[in-house]
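What follows is each chain in one-letter form.
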Amino acid sequence: MPGTIEFFGNDILKSVTGFNNLTSIGGDFLFWLNSNIDTIAAFESLDSVGGELYVELSQAISDFPRNNRFEFIGGDISLHQLNIVDLSCLQELDSIPGSLSISFCPNLTSLHGIEHLTSLGGLSLGVLYKLPDLHDLQNLSSLGGELSITNCDSLSNVDALEGIISINGLLRFSSNDNLENIQGVRHIDTQGFIAEYP
């Protein structure tokens, strides 16, 4: 399907149907601020997004994108305030050319699903209080944009990032209450460094 699918600010809408056979869209998939929808299972067959994938402020949703297995996403990925426990929905991706942003996902305990990736367009992790470590990032060697980790209070170190050689952007750590050191990233060639720990 060419074009973009967007659902934004639909406070009255309670369900979405009719997309069960949709596997691919050429543009963006944008799903924001739809507070009364608790399922978008109609999109569980979607495995290819040519542009950006934004699923935000939809914490009541328990099935998307958790049950998907994306094979291609051509742009940025933003998963914000969702009921996901890991990133298994991304485990079939060979690469993520855009940036990956994950925040306010209170049940996220693992980054499982991206452990095979060696590069990302950028990475932002924020307000992930139950994320205990960055073990699933140990194969990363480069980032095309900034690396930002903020308010991830269960992290004690960033040793899993020792394999990163270069970052084409800022390196930012802030308000990670139990982060004891950032030795795992001291060697990285970066455009800037902002570190506050804890």
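Please refer to the structure placed before this passage.
Not measured: the values here are computed from a predicted model.

**Student:** Got a minute to help me understand a nonpolar patch on the surface in this structure?
**Tutor:** A surface patch of nonpolar side chains, amounting to about 250 Å² of accessible area, comprises Phe8, Leu33 and Leu57. Examined against the element boundaries, Leu33 turns out to sit in the loop between strand E3 (29-32) and strand E4 (48-49).

**Student:** I would appreciate a short explanation of the pairing of E3 in the present structure.
**Tutor:** Side-chain positions along a regular strand alternate between the two faces of the sheet. The pairing of strand E1 (residues 5-8) with E3 spans four bridges and is parallel. Opposite Ile5, over in E3, you have Phe29 as the bridge partner. Pairing analysis gives four bridges linking E3 to strand E5 (residues 53-56), with the strands arranged parallel. By the bridge assignment, Leu30 is partnered in E5 with Tyr54.

**Student:** Would you mind going over the side chain of Ser110 with me for this structure?
**Tutor:** Among the secondary structure elements, Ser110 is positioned in the loop between strand E8 (96-103) and strand E9 (119-126). Side-chain polar atoms of Ser110 contact the side chain of Asp136, separated by 3.2 Å. For Ser110, the residues in contact, after removing those within four places along its chain, are Val85, Asp86, Leu87, Leu131 and Asp136.

**Student:** Even after reading the chapter, I still don't get the nonpolar core, so can you show me in this structure?
**Tutor:** Counting 58 residues, the largest nonpolar core has Phe29, Phe70, Leu90, Leu111, Leu125 and Leu134 as its most contacted members. Apart from the residues within four sequence positions on either side, Leu90 is in contact with Phe70, Ile73, Ile77, Ile96, Leu100, Gly113, Ile114 and His116.

**Student:** Whenever I open this one, the sheet that holds E4 confuses me. Can you help?
**Tutor:** Strand order in the open sheet formed by three strands is E2-E4-E6, with parallel pairing between adjacent strands. Strands at the two margins of the open sheet, each flanked by one partner only, are strand E2 (24-25) and strand E6 (72-73). The pairing of E4 with E6 spans two bridges and is parallel. Bridge pairing in E6 places Ser48 opposite Phe72.

The rules we used
- Residues numbered from 1 in each chain as written.
- Predicted model: local features only at pLDDT ≥ 70, side-chain atom pairs only at ≥ 80, totals over all residues.
- Heavy atoms only, no water.
- Patch = residues over 30% accessible without salt bridge, like charges linked within 9 Å, V, L, I, M, F, W, Y side chains within 5 Å.
- Areas by Shrake-Rupley, 256 points an atom, 1.4 Å probe, with all protein chains shown as cover.
- Salt bridge = Lys/Arg side-chain N within 4 Å of Asp/Glu carboxyl O.
- Helix = DSSP H or I, 4+ residues; strand = E, 2+ residues; numbered from the N terminus.
- Pairing = 2+ DSSP bridges.
- Polar contact = N/O pair within 3.5 Å; in protein donor to acceptor, adjacent residues only side chain to side chain.
- Contact = heavy atoms within 4.5 Å.
- Core = buried A, V, L, I, M, F, W, Y, C linked by side-chain atoms within 4.5 Å.
- Buried < 20%, exposed > 50% of the residue type's maximum accessible area, 1.4 Å probe, protein only.

Nothing here speaks to function; it is geometry throughout.
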